[in-house]
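Residue-level structure breakdown
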Amino acid sequence: MMPWHQKIILFFFPLCIIWSFIGTVSIGNWVLEISPVLVALPIVFYLDYKHRIRLSNFSYFCVYLYLLFPIVQAHYGVAMVPSGFALGEWLGVHRNMFDRATHFLFGLLLMLPLLEIFDYVPTKKAFLKYYLALSTILAFSAIYEILEWIVNVSASSRLSFLFVAAQEDFWDSSKDMAMAAIGALIALFIILLVRRNKGARG
């Protein structure tokens, strides 16, 4: 019988991707935003289906929850997501904060799955696995900001606005990477606390 997390990849996410395409604000932005999702989902499915890497149910939930955010961005454009305006008002800032939330959740939600992946790496030093997971978060965050820079200097002004969504913030890239780092560090602290408590009880 197919596990629930494989069913989500095969049935739920295709519907979400179709929704994001219907009425999207920009085909170019849709392609850019949806590409990481289209890369990630087959990889997760393949590794699980072939029993190469098996994550915990909570880790699958974290991965799938995060992937919904770029799907939403693909539909609206990251600076035009309705909930981002509400979040900005709640935080007392005059900008759409959906991009900040996405980068924060990138670190917060993907730290545990990455740690479980690196648990497959044979090493006697547990610290190395935590270091690798955190470094991976920071590296992919930096790569994404480089991609935004490439789009900014090579694409039309409209596509640049939709995808980069700097919203006239000179430090946008730095703040986005900082949000990913903060999310990852919070997740790492929680994971260490939970694992320490489990170790003490065990």
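In what follows, the structure referred to is the one given above.
Every chain is numbered on its own, with residues counted from 1 as its sequence reads. Local features in this predicted model are restricted to residues whose pLDDT is 70 or higher, and side-chain atom pairs enter the listing and the counts only when it is 80 or higher, whereas totals over whole chains, interfaces and linings include all residues. Excluding hydrogens and water, the side-chain values take into account all heavy atoms of the structure.

Quick look at the side chain of Ser 141 now. Each helix corresponds to a stretch of at least 4 residues labelled H or I by DSSP, and each strand to a stretch of at least 2 residues labelled E; elements are numbered beginning at the N terminus. Relative to the assigned elements, Ser 141 resides in helix 6 (residues 126–154). Note on definitions: a residue-residue contact is assigned when non-hydrogen atoms from the two residues lie within 4.5 Å. When near neighbours in sequence (up to four residues on either side) are disregarded, Ser 141 contacts Phe 106, Asp 176, Met 177 and Ala 180.

On to helix 2 (residues 27–49), then. Compared with the 33 Å implied by 1.5 Å per residue over 23 residues, the 32 Å span of helix 2 between its first and last C-alpha is a close match. Axes are fitted to the seven residues ending at a residue and to the seven starting at it; the angle between these axes is taken as the bend at that residue. The largest bend in helix 2 comes to about 40 degrees, at Ile 34, with the proline Pro 36 one to four residues further on. Those residues of helix 2 lying buried are Asn 29, Trp 30, Glu 33, Ile 34, Val 37, Leu 41, Val 44, Phe 45 and Asp 48. The secondary structure elements touched by the buried residues of helix 2 are helix 1 (4–21), helix 3 (57–76), helix 6 and helix 7 (157–164). For helix 2, the capping residue at the N-terminal end is Ser 26, with a side-chain oxygen 3.4 Å from the backbone nitrogen of Gly 28. Taken from the residues just after helix 2, His 51 is the one with a positive phi, measuring 60 degrees. Expected helix span is computed as 1.5 Å times (number of residues minus one). Remark: exposure states derive from per-residue accessible area (1.4 Å probe, protein chains only) relative to the maximum for the residue type, with buried under 20%, exposed over 50%, and partly exposed in between. Throughout this description, a polar contact denotes any pair of N or O atoms lying within 3.5 Å of each other; where both atoms belong to protein, one of them has to be capable of donating a hydrogen while the other can accept it, and for residues adjacent in sequence the pair is counted only when both atoms sit in side chains.

Axes here mean lines fitted to C-alpha atoms, for a helix over just the part in contact, with angles spanning 0 to 180 degrees between N-to-C directions. Direction vectors running N to C along helix 5 (residues 98–118) and helix 6 enclose 135 degrees, while the axes themselves pass 9 Å from each other. Classified by the angle their axes make, helix 5 and helix 6 are oblique. Judged by the twist between their axes, the crossing of helix 5 over helix 6 is right-handed. Counted together, His 103, Phe 106, Gly 107, Leu 110, Met 111, Leu 114, Leu 115 and Phe 118 of helix 5 and Lys 129, Tyr 130, Leu 132, Ala 133, Leu 134, Thr 136, Ile 137, Phe 140, Ser 141, Tyr 144, Glu 145 and Glu 148 of helix 6 form the full contact between these two elements. Considered class by class, the residues forming the contact of helix 5 with helix 6 number 13 nonpolar, four polar and three charged. Comment on the angle field: the value is read as roughly parallel under 35 degrees, roughly antiparallel over 145, roughly perpendicular from 65 to 115, and oblique elsewhere. Crossings are sorted by hand: turned counterclockwise from the far helix by less than a right angle, the near helix makes the crossing left-handed, and turned clockwise it makes it right-handed. Think of it as three bins: nonpolar holds Ala, Val, Leu, Ile, Met, Phe, Trp, Tyr, Cys and Pro, charged holds Asp, Glu, Lys and Arg, and polar takes everything else, Gly as well.

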